[in-house]
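Structure at a glance
The residues making up each chain are set out below.
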Amino acid sequence: MSSLPHIDSTKLPRHIAVIMDGNGRWAKQRHLPRLFGHRAGITSVREIVRVCGELGIECLTLYAFSSENWTRPTTEVKALMRLLQQYIGRELPELQKSKVRLRAIGRLDGLPEGPKAKLLSAIDATSQNKGLTLVLALNYGGRQEIVDACNKAMASGHSKLDEKTLQRYLYAPDCPELDLLIRTSGEMRLSNFLLWESAYAELYVTKTFWPDFRKAHLYEAVADYQRRHRRFGGL
Ligand code: FPP
């Protein structure tokens, strides 16, 4: 595809995160039930994981299920959990082949037994892989992550925290600093995602619905990121 924007391989974001929004609207546009949007979203997940691996991105974090998503109708919650379980089961051979290391952040204890068991065993099976780290945010909330980190730190004997210490107790403290946060479907919100980690991240919002988000869209987001001058509060 010759229309892909040029990407400078020496200035890649090390860590990209995505708020995969717009599945429901994608389905509605087609007069389909919402579940079809989530299902179509899996195709985008597959492609973006592959392309991030090919580009040499170190870490990709996907907001797959927020701590607020439990308030959706039970049928949708169940369908999302089933999709998660299916995704891991079907995708594991491909993840292994492309050396993807799977991880997860969030209150994983709150997940139903089936998907949780599948997830934990895939995390274990891929733990030695040295390619892309794929982090699924599941039953995840940014405020909860900070609260959990504070509680873990206190349980370990800290009575006073500084940034560096608190950072060590986040869900994935060893992931590189978040460089680029992408949100699909046009909403200008963080929706309780990676609140601590996004402190200096570059934000990129596209109107494209997640099920339509493909390689060309990711390239455009990375190229846009590379055109920016990051100042980290300096000049
Ligand atoms: C937001 O769209 C999307 C979600 C709440 C779930 C995202 C899940 C997937 C893409 C599938 C499962 C993912 C993995 C990694 C197995 P929305 O439903 O809020 O869309 P809307 O705002 O248009 O209604």
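So, a few notes on the structure that sits alongside this text. (Residues numbered from 1 in each chain as written. Predicted model: local features only at pLDDT ≥ 70, side-chain atom pairs only at ≥ 80, totals over all residues. Heavy atoms only, no water.)

This part takes up the site of the ligand. Taken together, 16 residues sit near the ligand, with Met-20, Gly-24, Arg-25, Arg-34 and Arg-72 positioned nearest. Contact distances for the ligand include 3.1 Å between an oxygen atom and a side-chain N or O atom of Asp-21. In the model, an oxygen atom of the ligand is placed 3.2 Å from a nitrogen or oxygen of the Asn-23 main chain. Expressed as a share of its isolated accessible area of 620 Å², the protein-covered part of the ligand is 91%. Contributions of two or more residues to the shell around the ligand are made by helix 1 (23-29), helix 2 (34-55) and helix 3 (74-97). Its residues placed into classes, the shell around the ligand shows seven nonpolar, five polar and four charged. (Near = heavy atom within 4 Å. Polar contact = N/O pair within 3.5 Å; in protein donor to acceptor, adjacent residues only side chain to side chain. Areas by Shrake-Rupley, 256 points an atom, 1.4 Å probe, with all protein chains shown as cover. Helix = DSSP H or I, 4+ residues; strand = E, 2+ residues; numbered from the N terminus. Nonpolar A, V, L, I, M, F, W, Y, C, P; charged D, E, K, R; others polar.)

It is worth spelling out the pattern of salt bridges at this point. A full pass over the atoms with the stated rule returns 18 salt bridges. Of the charged contacts, one joins Glu-76 and Arg-34 as a salt bridge, the two residues approaching to 2.8 Å between their closest N and O atoms. With Glu-76 in helix 3 and Arg-34 in helix 2, this pair connects stretches of sequence that are 42 residues apart. On the basis of relative accessibility, which here comes to 10%, the residue Glu-76 falls in the buried class. A relative accessible area of 39% means that Arg-34 is categorised as partly exposed. For Arg-227, the salt bridge identified is with Glu-220, shortest N-O distance 3.2 Å. What makes Arg-227 exposed here is its relative accessible area of 58%. According to the relative accessible area criterion, Glu-220 is partly exposed, its value standing at 31%. (Salt bridge = Lys/Arg side-chain N within 4 Å of Asp/Glu carboxyl O. Buried < 20%, exposed > 50% of the residue type's maximum accessible area, 1.4 Å probe, protein only.)

Another aspect to go through is the environment of Ser-191. Inspection of the secondary structure assignment puts Ser-191 in the loop between strand 5 (180-183) and strand 6 (202-205). In this structure Ser-191 touches Tyr-63 and Arg-183, once residues within four positions along its chain are discounted. Among the polar contacts made by the side chain of Ser-191, one reaches the side chain of Arg-183 at a distance of 2.8 Å. (Contact = heavy atoms within 4.5 Å.)

The end-to-end C-alpha distance of helix 3, which contains 24 residues, comes to 35 Å, matching closely the 34 Å that a straight helix rising 1.5 Å per residue would cover. Of all the bends in helix 3, the largest measures some 50 degrees and sits at Glu-91, one to four residues before the proline Pro-93. Of the residues making up helix 3, those classed as buried are Glu-76, Val-77, Ala-79, Leu-80, Met-81, Leu-83, Leu-84, Tyr-87, Ile-88, Glu-91 and Leu-95. On its buried face, helix 3 is in contact with helix 2, strand 2 (59-66), helix 4 (113-125) and strand 4 (133-140). Count one or two residues on from helix 3 and you reach Lys-99, which has phi positive near 60 degrees. (Expected span 1.5 Å × (residues − 1). Bend = angle between axes of the 7 residues up to and from the residue.)

Here the focus is unusual backbone geometry. Phi at His-31 takes a positive value of approximately 55 degrees, unusual for a residue other than glycine. Summarising the element assignment, His-31 is placed in the loop between helix 1 and helix 2. Backbone geometry at Ser-191 places phi at a positive 50 degrees, although glycine is not the residue there. Judged by relative accessible area, Ser-191 falls into the partly exposed class, the value being 31%.

This part is about the packing of helix 2 against helix 7 (residues 215-227). In contact at an axis separation of 9 Å, helix 2 and helix 7 are set at 50 degrees when each is read in the N-to-C sense. In terms of axis orientation, helix 2 runs oblique to helix 7. Relative to helix 7, helix 2 is oriented so that their crossing is right-handed. Between helix 2, through Glu-47, Ile-48, Val-51, Cys-52, Glu-54 and Leu-55, and helix 7, the contact on the second element is made entirely by Lys-215, Leu-218 and Tyr-219. (Axes fitted to C-alpha atoms, helices over the stretch in contact; angles between N-to-C directions. Parallel < 35°, antiparallel > 145°, perpendicular 65-115°, else oblique. Left-handed = near helix turned anticlockwise from the far one by under 90°.)

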